[in-house]
Each structure stands twice: as C-alpha cells, then as structure tokens.
Amino acid sequence: MGAWRLAWMLGAILMFPVSLSAAPVDQAYQRVEETFSQRAPLPLEDAVINGIWVSVPFDQAPYTYTYDEIREHWATFMRGLQLPYPSAEYLQSRYQRFPALYRDLRYQDADWQQHSRNVLEVWQAFFRGDLRHARDLGRRYGGYARVPAVVAQIVYATYLAPTHTQKQQLLQEVINEMEWFGRNAPVLPGDKGMQSDYCMMRLGFGYAVARLAEDESVPATLQRNYAAMVINAATEMLAVEPQHPLALSLSAAFEANVLRRVGKAAGRLTLAADSQDAIRPFEVSVEQVPDLAIVRYEYANSLLYTYQGDQAQQALAQLMLAAQLPARFSMEWLDRAYARKRLKEIQAWQASGMSFKRFDRKRRKFMEKEDRNLYAVNQPPFLVD
C-alpha cells in the first residue's frame, strides 16, 4: 500500500482534519461534508431519469425469496456488500438516532416489525430482479427502504440502461441520494456500533461515482472531483473495515482506471496512483469472496488497465472464472452476464493483434458517438477484428 494512502487512512481513523475540540455531532457533520460534497454534478433530465426501464433478461422464479429465506441467506447474499440486516431492532435504533430518516418514512409509527417488512419487501423485489419496482417502492416507503432502492438503481444503470446518457444520469441521481442519506445520518468512524452504516453509505456513494467516472474524459473527471470523491469514500471504509472485499475492489479498480486514462507516469505524479495499489487489494478480495463475479471481472479489467497486453492471459483467466460462477440473486446474474460479455470482447481484442490501448480508445469513442452503454448485458459486446 502506498504511503500516501496509508496516511489518508490513518487520518480517517483519527477523524483528521476534524477539530478534536468540536462536539461529536459537529465532527460527524464535518466528516459528511468532506466525504459527500460534490463539485459540478451532472444536471438531471426528468425524461431520462424517469423513462421506461427495460426488464431483466432472465427467469425471476429462482430468485424469488420469502422474507424468512432472505433472513436465512442474508449473510451469503451480503458477503460482498456487507450491508446490515434490516431487523425491527436495527431500524428502531436507527430511526430513534436519526429523526430526519424517521420523518422521511411514509408511515411514521412505532410498528418496527412492519417497518422491517417494508424494507425487506424492497430487498425482495431487488433480489428477484424487479429493479424499477424496488427503486420506486423504496422511495415510497422512505428511510432505510431507500438503501435497496439505491442498490437497484445502481445495478440497473450499470447493466441494463441502454444509453450512456441514461446510465450517467441514473448514477448521478444515486450520488445525490447517497449525499442526502449521509447528511441525514451522520456517523463518525470511531462509533463501533455504527461501522456497518458508515461503510454502507460510503460504498453506495463511492461505487456510483466510480461507475460514472470510469468512462468520463480526464478533464471532466478533474473538474467534477471524481477522484477525491471515490478515494475518500474507499479509504474511509478501509480505515474501519480493512478487509471489506468491495471496498478493496473499489479502491483498486479506481486506481487502475487512473492508470488506464493518464498512464503510469502521469498517474503517479497527479494522483499518486500506483500499479501495486491497483492489483494487490484484489488478491485479498478474491481470497475472501472467490465466488463473486464482480470482483473477478474488476480484477481482470485492472490487470488490463495497469499492464495491458502483458497480463492478458491472467485477465482472461479471471474472466473465465467469473463467467461460470453460480448466481444467487439478480445482481449476481447480471455481474456474471457482464463477465461473459467482457470475456468475448477481450478474446476478440487479443485475436485482432491490436494494442489494448487502441482497442480501449476505439471502444470509448464508439460509446460516445453512438451513446451506447457498453456495460449493458442485453446489448452485443464491442468486438474488433
């Protein structure tokens, strides 16, 4: 791990640069400002945000779970995300601590069991792949039901939104939503009982920003401060949960994306990006969650972005593994489907004899010119010959 990142993580643990003389509530709000503040967010168009969503391209029956089954399998479903189970006791403690989230509820009463069922209803829709319904239902219930709603929108934007424009705007709306959530539920890293919440908010925010930024131009990335937004969120998570598998992947993947866009020398000078920091965290993450397709395909992409053709075989091996993993719910099915699509792209690139840099540039230009979301699994892969 680079020295700069170690220092940043230590600062997060010590709540630096928050004044130690400030009250804990003030410290928490200052931490929120530093983590979630945006610079020049994308303007949103209602017709794009609230347009028709396409349906998932799979049979939903195997992923339709009862509430009891969701509770029984929660640890397995959340082995990557590591989000807390929305029990009645959990929600009661959160709504009592964060009145703004309680006021956001559609039904403001003390029936905590029903509030738990409401949140589980949204997760149930998400797990089976009713992503638009999950998004809308979570907003209607409010409070912690917004969490699965946000996850549903991120997954839809990434894997199913047909255009690049819709993908970017849906992700921007998620970023706005997570900023709102963070401001209304401020948590300090030293609050042991709230570490899962602390990480949950930063994971949603950081992941959405990283997905939005991955194919943006370098000037836009700098203008909108995407790098700092992702790095802040990821390093704050790792400061309190050093082994969080998706925080490790998020941090490393963004590091690799910097190297991909500006090269090793410029990446090192401008953002202290380091090739080892783009790869080593994946080794830890894969060891913890060997059966998550998203971790393996992000690992493959990071190998290509960092080392290009020199690591093509290792990248292909990761994609092949990801392409045959079992799927337990909608997101895992879509993660695997994208791994299969990406595998075809990389196989075609390697057969072409073209440099990876040229292939990657052609792919981005095609996406921009045609306004296509090339991550969408229901669209053909980008193939070169």
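Residues numbered from 1 in each chain as written. Predicted model: local features only at pLDDT ≥ 70, side-chain atom pairs only at ≥ 80, totals over all residues. Heavy atoms only, no water.

**Brief notes about a positive patch on the surface**
A cluster of basic residues, Lys357, Arg358, Arg361, Lys362 and Lys365, forms a positive patch at the surface. Its place among the elements puts lysine 362 in helix 19 (residues 356–370). Owing to a relative accessible area of 36%, lysine 362 belongs among the partly exposed residues under this scheme. (Patch = residues over 30% accessible without salt bridge, like charges linked within 9 Å, V, L, I, M, F, W, Y side chains within 5 Å. Areas by Shrake-Rupley, 256 points an atom, 1.4 Å probe, with all protein chains shown as cover. Salt bridge = Lys/Arg side-chain N within 4 Å of Asp/Glu carboxyl O. Lys, Arg positive; Asp, Glu negative; His and termini not counted. Charge placed at Lys NZ, Arg CZ, Asp CG, Glu CD. Helix = DSSP H or I, 4+ residues; strand = E, 2+ residues; numbered from the N terminus. Buried < 20%, exposed > 50% of the residue type's maximum accessible area, 1.4 Å probe, protein only.)

**Quick look at the pattern of salt bridges**
Tallied over the entire structure, the rule returns 28 salt bridges. Close ionic contact of arginine 31 with glutamate 34 constitutes a salt bridge, the shortest N to O distance being 3.8 Å. Placement of the pair is arginine 31 and glutamate 34 together in helix 2 (residues 24–36), with a separation of 3 residues, close to one helical turn. Here arginine 31 falls in the buried class, since its relative accessible area comes to 3%. Looking at glutamate 34, the relative accessible area reads 27%, which means it is partly exposed. Here the salt bridges do not stand alone but share partners, grouping Arg132, Arg135, Asp136, Arg139 and Glu173 into one network.

**Focus: the confidence of the model for the chain**
Per-residue confidence for the chain averages 90 on the pLDDT scale, and 90% of its residues sit at or above 70. For the stretch residues 1–21, pLDDT sits under 50, and the model shows 43 contacts to residues farther than four places along the chain or on other chains. (pLDDT = per-residue confidence, 0-100. Contact = heavy atoms within 4.5 Å.)

**Considering helix 13 (residues 226–240)**
Because each turn of an α-helix spans 3.6 residues, side chains separated by three or four positions in sequence point in the same direction. Taking 1.5 Å per residue as the helical rise, helix 13 with its 15 residues ought to reach 21 Å, and the 22 Å between its terminal C-alpha atoms agrees with that figure. Judged by how many residues are buried, helix 13 sits mostly within the fold: 14 of 15 residues are covered. (Expected span 1.5 Å × (residues − 1).)

**Examining unusual backbone geometry**
Positive phi outside glycine occurs at glutamine 82, with the angle close to 55 degrees. Inspection of the secondary structure assignment puts glutamine 82 in the loop between helix 4 (67–77) and helix 5 (88–97). Residue classification places glutamine 82 among the partly exposed residues on the basis of a relative accessible area of 33%. Even without being a glycine, aspartate 371 presents a positive backbone phi close to 50 degrees. Position of aspartate 371 relative to the elements: it lies in the segment after helix 19. Residue aspartate 371 is classed as partly exposed on the basis of its relative accessible area, which comes to 28%.

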